[in-house]
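# Observations on the model geometry
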Amino acid sequence: MSLETLHQTEFRRALKAIGLLLLAILCFDVMSLLVRVLSARYAAPELSAYRNVLGIVPSLALLIWTGELRLRGSSLRIENWPLAVGRGVAVALAQLFFYSALARLELATVATLGQTNALFVVLLSVVLLGERVGPWRVAALLVGFVGVVLILKPGSEAFSLAGLLPVGAALCYALSMVTVRFFGPEVSNGLLYLYSSAAAAVGAIILAAFTTEFSPLHSLVDAGLIFVMGVLGGIGVLFMMLAYRSAAPSILAPFGYFGILSAFVLGWLVFGETPVDTLFPGVLLIVGAGALIMWRENRRG
């Protein structure tokens, strides 16, 4: 394979990974809307527990579809299972922080602060993976971060103690994303997700048991919303895992900023928030950061 063909293959793979990441963000946006609605009647820890238990459904569906789910213990074993379980615990903590933030802050504020995830991804990629991040990627991340700050406007309610919750969630999510690169291609996506989602479910149930009391479901509508919330969250995690197994975290990180724009739009449409004035000029820098990544990758191809 020639060098030019190799670069073209890498570019197409990166493009596919970016598409999966954007689909994951859309799933998380709809999930966040449902969490915001349900937070009026249910505590964040119990919503997190419901979400993680129901999040196992997509992993089981994938295993059944690929034919990997068999009633033999050997077929469900992976060598580095402690790390797979640890990823699930990190996700459970992230969701507890994230859901608590959604109950206290505006959707747009949570989405904006959550974009510190990109910085954590790059830092953890350097520390844990030994990845070399070129100056143009660092520049793209810094430009995106400046855009986040401009949208956030220091001195707003986002800098209250509650504003630290989505930052903590971002750190835990970044840890889960980066460590997926430690698993080789012999470990299937479905099996890896099953371990992580099962561990997240157990962890979330334990956290909920120590921090709140489960409320009875108020209606069949609530039950349906909780089910959709959990499944969408699980699908989003699956898409994100596929994306981060297909491309380097530092390539994908800037595209997480798309979540700011989508959260602002959905928050405006559903909750009557008016984020238009706060989007500019920060959103231009955020979109520019993603455009810089794609331009550089295209140049390499």
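In the block above lies the structure referred to throughout.
Parameters at a glance
Residues numbered from 1 in each chain as written. Predicted model: local features only at pLDDT ≥ 70, side-chain atom pairs only at ≥ 80, totals over all residues. Heavy atoms only, no water. Helix = DSSP H or I, 4+ residues; strand = E, 2+ residues; numbered from the N terminus. Buried < 20%, exposed > 50% of the residue type's maximum accessible area, 1.4 Å probe, protein only. Contact = heavy atoms within 4.5 Å. Areas by Shrake-Rupley, 256 points an atom, 1.4 Å probe, with all protein chains shown as cover. Axes fitted to C-alpha atoms, helices over the stretch in contact; angles between N-to-C directions. Parallel < 35°, antiparallel > 145°, perpendicular 65-115°, else oblique. Left-handed = near helix turned anticlockwise from the far one by under 90°. Nonpolar A, V, L, I, M, F, W, Y, C, P; charged D, E, K, R; others polar. Salt bridge = Lys/Arg side-chain N within 4 Å of Asp/Glu carboxyl O.

In this section: the overall build of the protein chain. In terms of regular secondary structure, the protein chain is built from 14 helices and zero strands. Along the protein chain, helices (α) and strands (β) appear in the sequence α-α-α-α-α-α-α-α-α-α-α-α-α-α when read from the amino end. A total of 301 residues make up the protein chain; the buried ones form 50% of that total. When contacts within the protein chain are restricted to residue pairs at least 6 apart in sequence, those whose partners lie at least 24 apart make up 90%. Carbon and sulfur atoms form 70% of the exposed surface of the protein chain, whose accessible area is close to 14000 Å².

Where helix H4 (residues 81-104) meets helix H8 (residues 164-179), the closest approach of the two axes is 8 Å, and the angle between their N-to-C directions is 155°. As far as their axial angle goes, H8 and H4 are roughly antiparallel. As for the relative orientation of H4 and H8, their crossing is left-handed in sense. Where H4 abuts H8, its residues Leu83, Arg87, Ala90, Val91, Leu93, Ala94, Gln95, Phe97, Phe98, Ser100, Ala101 and Arg104 lie against Leu165, Pro166, Gly168, Ala169, Cys172, Tyr173, Leu175, Ser176 and Thr179. Of the residues in the contact of H4 with H8, the class split is 14 nonpolar, five polar and two charged.

In this structure the tally under the stated criterion is one salt bridge. Across the pair Arg41 and Asp222 runs a salt bridge, and its minimum N-O distance is 2.9 Å. Residue Arg41 is located in the loop between helix H1 (3-38) and helix H2 (44-54), and its partner Asp222 is located in helix H10 (residues 220-246); the two are separated by 181 residues in the primary sequence. A relative accessible area of 34% means that Arg41 is categorised as partly exposed.

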